[in-house]
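Observations on chain architecture
Residues per chain are reported as follows:
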Amino acid sequence: MRVERWNAAQLRDHAGELADLLTDTVAGGASVGFLAALTHEEATAWWRERAEASAAGRLAVWAALDGTGRPAGTVSLVHPDKPNSRHRAELVKLMVHRCARGQGLGRRLLTTAEDAAAAAGITLLHLDTETGSPAEHLYRSAGWTRAGVIPDYAESPGGELRPTSLYYKRLEPPAG
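Residues numbered from 1 in each chain as written. Predicted model: local features only at pLDDT ≥ 70, side-chain atom pairs only at ≥ 80, totals over all residues. Heavy atoms only, no water.

As a rule of thumb, non-glycine residues mostly have phi less than zero, and peptide bonds are mostly trans rather than cis. One non-glycine residue, Lys93, adopts positive backbone phi at about 50°. Turning to its location among the elements, Lys93 is positioned in strand S4 (residues 88-96). Here Asp152, not a glycine, exhibits a phi torsion of approximately 50°, which is positive. (Helix = DSSP H or I, 4+ residues; strand = E, 2+ residues; numbered from the N terminus.)

Side chains on a regular strand alternate between the two faces of the sheet. Bridge analysis of S4 against strand S5 (residues 124-130) gives 3 bridges, and the strand direction is parallel. Considered in S5, the bridge of Glu90 is made with His126. At this point the chain moves from S4, through helix H4 (residues 105-119), to the parallel S5, and the crossover so formed is right-handed. Both S5 and strand S7 (residues 161-170) contribute to a ladder of 7 bridges, which runs antiparallel. Looking across to S7, one finds that Leu125 is bridged to Lys169. (Pairing = 2+ DSSP bridges. Right-handed = clockwise from strand over helix to strand, strands pointing away.)

We now examine the pairing of strand S6 (residues 145-155). Summarising the sheet, S6 and S7 pair through 7 bridges and their orientation is antiparallel. Counterpart to Thr145 in the pairing with S7 is Tyr168. The hairpin turn running from S6 into S7, its antiparallel successor, is 5 residues long, and Gly159 in that turn takes a positive phi close to 100°.

Attention shifts here to the sheet that holds S6. Taken together, the 7 strands give an open sheet; going across it, the order is S1-S2-S3-S4-S5-S7-S6, and neighbouring strands pair in mixed fashion. Pairing within the sheet leaves two strands with one partner each, and these edge strands are strand S1 (2-6) and S6. Strand after strand, the sheet turns through a mean of 25° between neighbouring axes, direction not considered. The pairing of S1 with strand S2 (residues 59-65) spans 5 bridges and is classified as antiparallel. Pairing of Arg2 across the sheet is with Leu65, part of S2. Where H4 meets the sheet, its contacts fall on S1, S2, strand S3 (71-78), S4, S5 and S7, and the angle it forms with S4 comes to roughly 160°. Strand contacts of helix H5 (residues 134-141): S4, S5, S6 and S7, with the helix running at about 155° to S5, the strand carrying the most contacts. (Axes fitted to C-alpha atoms, helices over the stretch in contact; angles between N-to-C directions. Contact = heavy atoms within 4.5 Å.)

With that settled, the discussion passes to the environment of Val75. Checked against the element boundaries, Val75 lands in strand S3. A relative accessible area of 0% means that Val75 is categorised as buried. Taking the C-alpha atoms as reference points, Val75 and Tyr167, separated by 92 residues in sequence, lie 16 Å from one another. Ignoring any residue separated from it by four or fewer positions in sequence, one finds Val75 in contact with Ala60, Val61, Trp62, Leu91, Val92, Lys93, Leu94, Leu109 and Ala113. (Buried < 20%, exposed > 50% of the residue type's maximum accessible area, 1.4 Å probe, protein only.)

Read these as spatial facts, not as claims about activity.
Dropping the structure here:
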């Protein structure tokens, strides 16, 4: 699979395919901010809204494309708009389609985002993820530090209140 950074036009043009990935992720039980009732139309609209943030430079999105060119995974970085926080970014929406899991794609997407952040001068990344989820193992094994847990933070796709774990990772600027 190839991983590409997508611009605002690509996000708009491929919003339906990205919606397929998002609805599959939610249907698989991942807590990525949506409930099980998420429709394809709602997911498409959500991705189209991300295009505006991308065009404004507040969001960077990478898509992992399968052999047919369809997104099998994504990861995004949200850049703060405040002057005192330009050294950091939030890692969001690391998603891998259920049929593409177990092949190292999540790790590859995570590494891609980390490397791009470091190249852009970002020295601190942070994220939140459902406590006890498979994603926690990925982040810990990639050198992320758990800062704490917030109880009853978000509803799972099935509607149950679940805790979230907050993680951070310090980045070194690239050598050279």
